[in-house]
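# Residue-level structure breakdown
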Amino acid sequence: MSSSPSLYKQLGSPFSGRHLLLLVLGAGFLAFTLFVVHPNEFRIQSFFSGSGGCTRPGPQHASTITTGTGGTQQHTPAADEEEKKEEEDVRILIGIQTLPSKHARRNLLRTVYALQVQDHPSLSRSVDVRFVFCNVTNPDDAVLVALEMIRYGDIIVLDCAENMDNGKTYTFFSTVARAFNTTTTKKPRYDYVMKADDDTYLRLGALASSLRGASRTDAYYGLQMPCDTENFYPFPPFMSGMGYALSWDLVAWVATSELSRRDRVGPEDMWTGRWLNLAGKGKHRYDMAPRMYNYKGESPDSCFRHGFVPDTVAVHMLKDDARWAETLAYFNATAAAGIPTSSGGLIGHHLPGRP
């Protein structure tokens, strides 16, 4: 995958001062190209911490660690036990599908998820979040996206024209499978890869906890649809596009299967389920209802839409800031701020019955 042709088209000719600035800032896209072609030589860093995300300790770290003074320190039994625990813990890559122009939404989600990791530091070893979109064609977006890539390193640019149901999810899974191909190690870098929407609020701790006991092979996880066979159009079962996860072996299969390559145009969540159903895969299916659901608002309850529940994994259809604010307030995302309100209370102050 190469982003050079796209950047050339964006720059045009002759070069102006603005074009030169775009060329410099757009270098971040070239860095991603190197990452995809040579994943062992270049990797995108997680915005969660300086640890670089969900890497597994290699053999060279088995007996000693480097100290801040340049010396070495022998591992203690407690450290060895901790390393073993990290090795056995679940690793999840979340690809949030979005658009290049949605800078504000990405910044909101960065804040939301970084604060979850701040409250639960172990998540930095379990979950990596990336923002996913196709080639950037707007010159203004290219400059701003390049800044985000340089600052946060949490964006994956796919080699495709921007779309929702014209193969973007297939391209995401197949790109990730190539980028994180682990032919030289015993275990994959990630146990699961999740595709999520940018209007979905994920509670990372609940997600990791629910996947920790799931099968690491042939696993398909999410909110199963149709959940109401009487009032929902008939279709073989699939997981809702709000957010669903595949075990790594299924991600690798999608990348190499002729079935998925040939049949990728259609509602992306249905088509992922279709691939698995036709191939007899995804035998371990995890329906997370009622912990994954759509935002209720003024709509009536249904099998996929209801009010907030304390053990939520994901809330979907957060289309505007008001819905995000209501959701974040319920889950006490702002509790640490203690911002006073006109009624004398505190924004995010813990309320009975809420998590």
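Residues numbered from 1 in each chain as written. Predicted model: local features only at pLDDT ≥ 70, side-chain atom pairs only at ≥ 80, totals over all residues. Heavy atoms only, no water.

Looking at an unreviewed UniProt entry, one finds the protein chain named Hexosyltransferase and attributed to Eleusine coracana subsp. coracana. Looking at the protein chain in UniProt, the text filed under Subcellular location (unreviewed entry) is "Golgi apparatus membrane". (UniProt positions renumbered as here; feature names shortened; annotations may be inferred.)

### Some remarks on the confidence of the model for the protein chain
For the protein chain, the mean per-residue pLDDT works out to 78, and 68% of the residues sit at or above 70. Predicted confidence is poor over residues 27-75, with pLDDT under 50, and the contacts of this stretch with residues over four places away or in other chains come to 109 contacts. (pLDDT = per-residue confidence, 0-100. Contact = heavy atoms within 4.5 Å.)

### Quick word on unusual backbone geometry
Pro 226 follows Met 225 through a cis peptide bond whose omega is -10 degrees. Tracing the backbone through its elements, the reader meets Pro 226 in the loop between strand S9 (224-225) and strand S10 (238-239). Going from Ala 289 to Pro 290, the amide bond is cis rather than trans, its omega being 5 degrees. Relative to the elements of secondary structure, Pro 290 occurs in the loop between strand S12 (284-287) and strand S13 (292-294). Phi at Asp 218 is positive, roughly 50 degrees, even though this residue is not glycine. Relative to the helices and strands, Asp 218 resides in the loop between helix H9 (204-212) and strand S8 (219-222). Phi is positive for Met 317, close to 70 degrees, though the residue is something other than glycine. Residue position: Met 317 is located in the loop between strand S14 (314-316) and helix H13 (321-330). (Helix = DSSP H or I, 4+ residues; strand = E, 2+ residues; numbered from the N terminus.)

### Topic: the side chain of Asp 198
Along the chain, the position of Asp 198 falls in the loop between strand S6 (192-197) and strand S7 (201-202). Those residues in contact with Asp 198 that lie beyond four places of it in its chain are Ile 96, Gln 97, Thr 98, Lys 102, Arg 105, Leu 109 and Trp 324.

### Describing the pairing of strand S5 (residues 155-158)
Residues Ile 155 and Val 157 point to one face of S5 and Ile 156 and Leu 158 to the other, with burial holding for every one of them. Where strand S4 (residues 127-134) and S5 come together, four bridges link them in parallel fashion. Note that in S5 the partner of Val 132 across the bridge is Ile 156. For the crossover that starts at S4, traverses helix H7 (residues 139-152) and ends in the parallel S5, the hand is right-handed. (Buried < 20%, exposed > 50% of the residue type's maximum accessible area, 1.4 Å probe, protein only. Pairing = 2+ DSSP bridges. Right-handed = clockwise from strand over helix to strand, strands pointing away.)

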